[in-house]
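An overview of the molecular structure
Each chain, written out:
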Amino acid sequence: MSRKCIGIDIGGTTVKLGMFEQDGTLLEKWEIPTRKENGGAHILEDIAASIKKKAAERGLSTADFAGAGMGLPGPVLEDGHVEFCVNLGWKAMNPQEILSGLLDGMTVKSANDANVAALGELWQGGGRGYKNMVMITLGTGVGGGIILNEKIWSGMQGVGGEIGHIHVIEGETEQCNCGGYGCLEQAASATGIARLARKLLEADPARPSSLREVKNLSAKSVLDAARAGDPLALESVETSCRYLGWAMAGITMVVDPEAYLIGGGVSRAGTFLTEKIQRYHDQLSPMATKKAKVLLATLGNDAGIYGAAKLVLG
């Protein structure tokens with residue numbers, strides 16, 4: 001019987017865990033609360049206790065596992081060291097080594113959560129069949145993960161793939177959460193899409209739009225109105241997709257991926273969104289004669305546990 005593996009996706013509210021066969025079959029998934037008090041001191045203890053409990057329920061011990069992988073919300077160095085995970089309260093530590101000790105020496109590997117999600121999609125999701133892929137997650141912010149030759153590429157200090165902070169908007173006066181101005185995140189995230197629509201509404205108060213009747217403007221309301229043919233909403237969505245296609249064209253000229261996967265809450269707009277992104281990417285990358293495909297991610301919130309498990313399997 002082949003040994004199992006564990007995938008762990010640590011978020012600010014919950015920790016998602018999955019037990020897998022080595023062929024990618026998900027045996028069970030579960031969640032535990034993320035206890036952030038005392039600088040997140042209990043998080044790894046809770047994870048280890050939960051894994052041991054689930055293993056015991058199946059008549060297994062830690063020796064029956066090939067290892068555990070973790071997706072962490074912050075930059076991760078090659079040896080597993082993290083300088084900070086702001087959402088967890090962690091500073092200057094190696095959670096990979098600590099969890100291994102708590103799991104009786106089990107092999108533990110870790111990487112940034114966005115990169116891990118991309119690896120999961122490549123292994124068992126929308127990126128199956130590809131070796132070189134970039135995943136872009138459009139949620140409250142814009143996340144990214146780069147996979148080259150089926151391996152995560154995270155750069156010198158673990159910040160490779162921070163696609164949301166590529167500068168695309170000249171003359172922007174509002175500050176991005178990263179401290180910069182004019183980041184892709186300010187145009188293509190869920191908050192960015194709604195922000196661009198609000199700016200268009202404010203720029204011309206006489207311009208008719210169904211969005212003027214929406215009390216709490218969101219990316220979903222903008223996308224729904226655009227799909228229904230509202231010209232102002234459609235302009236906002238086209239602008240967001242143009243900025244995203246522009247950034248992706250730059251990425252193409254550096255890493256030349258086979259595919260881009262679009263995930264996150266905004267991706268629920270489906271091909272209405274991806275077809276526009278594809279068009280702008282293709283227009284802005286004329287040297288790439290074989291265009292990278294713009295596809296939808298398929299694993300949803302499970303991408304992190306799949307990718308974390310794959311970290312262990314290599």
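The structure under discussion appears in the preceding block.
Quick look at the structure, then. (Residues numbered from 1 in each chain as written. Predicted model: local features only at pLDDT ≥ 70, side-chain atom pairs only at ≥ 80, totals over all residues. Heavy atoms only, no water.)

Let's shift gears to unusual backbone geometry. One non-glycine residue with positive phi stands out, namely Asp-104, at about 60 degrees. Topologically, Asp-104 is positioned in the loop between α3 (95-102) and β7 (108-112). The residue Asp-256 is not glycine, and still its phi comes out positive at about 50 degrees. Here Asp-256 is to be found in the loop between α8 (231-255) and β11 (259-263). The exposure class of Asp-256 is exposed, given its relative accessible area of 51%. (Helix = DSSP H or I, 4+ residues; strand = E, 2+ residues; numbered from the N terminus. Buried < 20%, exposed > 50% of the residue type's maximum accessible area, 1.4 Å probe, protein only.)

On to the packing of aromatic side chains. Scanning the model with the defined rule gives 4 aromatic pairs in all. With a centroid separation of 6.1 Å and an interplanar angle of 15 degrees, the aromatic rings of Tyr-243 and Trp-246 are classed as stacked. Placement of both Tyr-243 and Trp-246 in helix α8 is noted, with a separation of 3 residues, approximately one turn of the helix. Following the ring pairs from residue to residue traces out a cluster consisting of Phe-20, Trp-123 and Tyr-306. Stacked on the ring of Phe-272, the Lys or Arg Arg-227 has its end atom at 5.1 Å from the ring centre. When the ring centre of Tyr-243 is taken as reference, the NZ or CZ atom of Arg-242 above it lies at 4.9 Å. (Phe/Tyr/Trp six-rings, centres within 6.5 Å; stacked < 30°, edge-to-face > 60°. Lys NZ or Arg CZ within 6 Å of the ring centre and 35° of its normal.)

Next up on the list: the packing of helix α4 (residues 113-124) against helix α10 (residues 303-313). One can describe the packing of α4 onto α10 by two numbers: an axis separation of 7 Å at closest approach and a directional angle of 85 degrees. Judged by the inter-axis angle, α4 sits roughly perpendicular to α10. Only Ala-303, Gly-304, Tyr-306, Gly-307, Ala-308, Ala-309, Lys-310, Leu-311 and Leu-313 of α10 make contact with α4, whose side of the interface consists of Val-116, Ala-117, Leu-119, Gly-120, Glu-121, Trp-123 and Gln-124. Classifying every residue of the contact of α4 with α10 by side-chain character gives 10 nonpolar, 4 polar and 2 charged. (Axes fitted to C-alpha atoms, helices over the stretch in contact; angles between N-to-C directions. Parallel < 35°, antiparallel > 145°, perpendicular 65-115°, else oblique. Contact = heavy atoms within 4.5 Å. Nonpolar A, V, L, I, M, F, W, Y, C, P; charged D, E, K, R; others polar.)

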